[in-house]
Amino acid sequence: MQLNVPPDLETLINRRLSSGGYTNVEEVLRRALETQDAEESWTDEERRALSAHIEVGYLQAERGELIDGTQARREIQAMKDRWRLFKR
């Protein structure tokens with residue numbers, strides 16, 4: 001299959017590739033579609049839980065309870081690693 005991709009989408013794909021988190025275009029598209037598929041299958045309860053979690057984060061930020069970028073990247077990478085292991 002060949003796809004004709006508009007320039008703005010190509011820019012997004014290339015940005016993902018340059019981040020180092022993806023090895024090729026297929027992986028970028030696969031992860032995007034899998035993520036969208038997962039989100040579409042969320043229940044209302046899961047959506048409310050996510051919204052509540054985000055709200056907690058906003059309140060923490062307002063109180064100045066933030067972590068630096070390096071720590072945030074470490075925590076996000078650990079979450080991604082756990083997710084990848086779970087998906088196998």
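Above this text is the structure in question.
Residues numbered from 1 in each chain as written. Predicted model: local features only at pLDDT ≥ 70, side-chain atom pairs only at ≥ 80, totals over all residues. Heavy atoms only, no water.

**A word on the overall build of the protein**
Now for step 1: Within the protein one finds four helices and zero strands.
Now for step 2: Reading the secondary structure of the protein in the N-to-C direction produces α-α-α-α.
Now for step 3: For 88 residues, the compact-globule formula gives about 12 Å, and the C-alpha radius of gyration of the protein, at 16 Å, lies well above that figure.
Now for step 4: Referenced to the eigenvectors of the C-alpha coordinate spread, the extents of the protein come out at roughly 50 × 35 × 30 Å.
Now for step 5: Split into buried and exposed, the 88 residues of the protein put 5% on the buried side.
Now for step 6: Total accessible area on the protein stands at roughly 8,000 Å², and carbon and sulfur atoms take up 54% of it. (Helix = DSSP H or I, 4+ residues; strand = E, 2+ residues; numbered from the N terminus. Rg over C-alpha atoms; globule rule 2.2 N^0.38 Å. Buried < 20%, exposed > 50% of the residue type's maximum accessible area, 1.4 Å probe, protein only. Areas by Shrake-Rupley, 256 points an atom, 1.4 Å probe, with all protein chains shown as cover.)

**Structural notes on the packing of helix H1 (residues 7–18) against helix H2 (residues 25–40)**
Now for step 1: Contact geometry of H1 with H2 gives a least axis separation of 10 Å together with a crossing angle of 105 degrees. Judged by the inter-axis angle, H1 sits roughly perpendicular to H2. For the pair H1 and H2, the contacting residues are Ile 13, Arg 16 and Leu 17 in the first and Val 25, Val 28 and Leu 29 in the second.
Now for step 2: Looking at the contact of H1 with H2 residue by residue, the class counts come to five nonpolar, no polar and one charged. (Axes fitted to C-alpha atoms, helices over the stretch in contact; angles between N-to-C directions. Parallel < 35°, antiparallel > 145°, perpendicular 65-115°, else oblique. Contact = heavy atoms within 4.5 Å. Nonpolar A, V, L, I, M, F, W, Y, C, P; charged D, E, K, R; others polar.)

**Digging into the side chain of Glu 27**
Now for step 1: In this fold, Glu 27 is placed in helix H2.
Now for step 2: Within the structure, the side chain of Glu 27 is placed 2.6 Å from the side chain of Thr 23, a separation counted as a polar contact.
Now for step 3: Contact partners of Glu 27, with chain neighbours within four places excluded, come to Gly 21 and Tyr 22. (Polar contact = N/O pair within 3.5 Å; in protein donor to acceptor, adjacent residues only side chain to side chain.)

**Quick notes on the side chain of Arg 31**
Now for step 1: With respect to the element layout, Arg 31 can be found in helix H2.
Now for step 2: Residue Arg 31 is classed as buried on the basis of its relative accessible area, which comes to 15%.
Now for step 3: Polar contacts involving the side chain of Arg 31 include one to the side chain of Glu 27, which spans 2.3 Å.
Now for step 4: Apart from the residues within four sequence positions on either side, Arg 31 is in contact with Gly 21, Tyr 22 and Arg 84.

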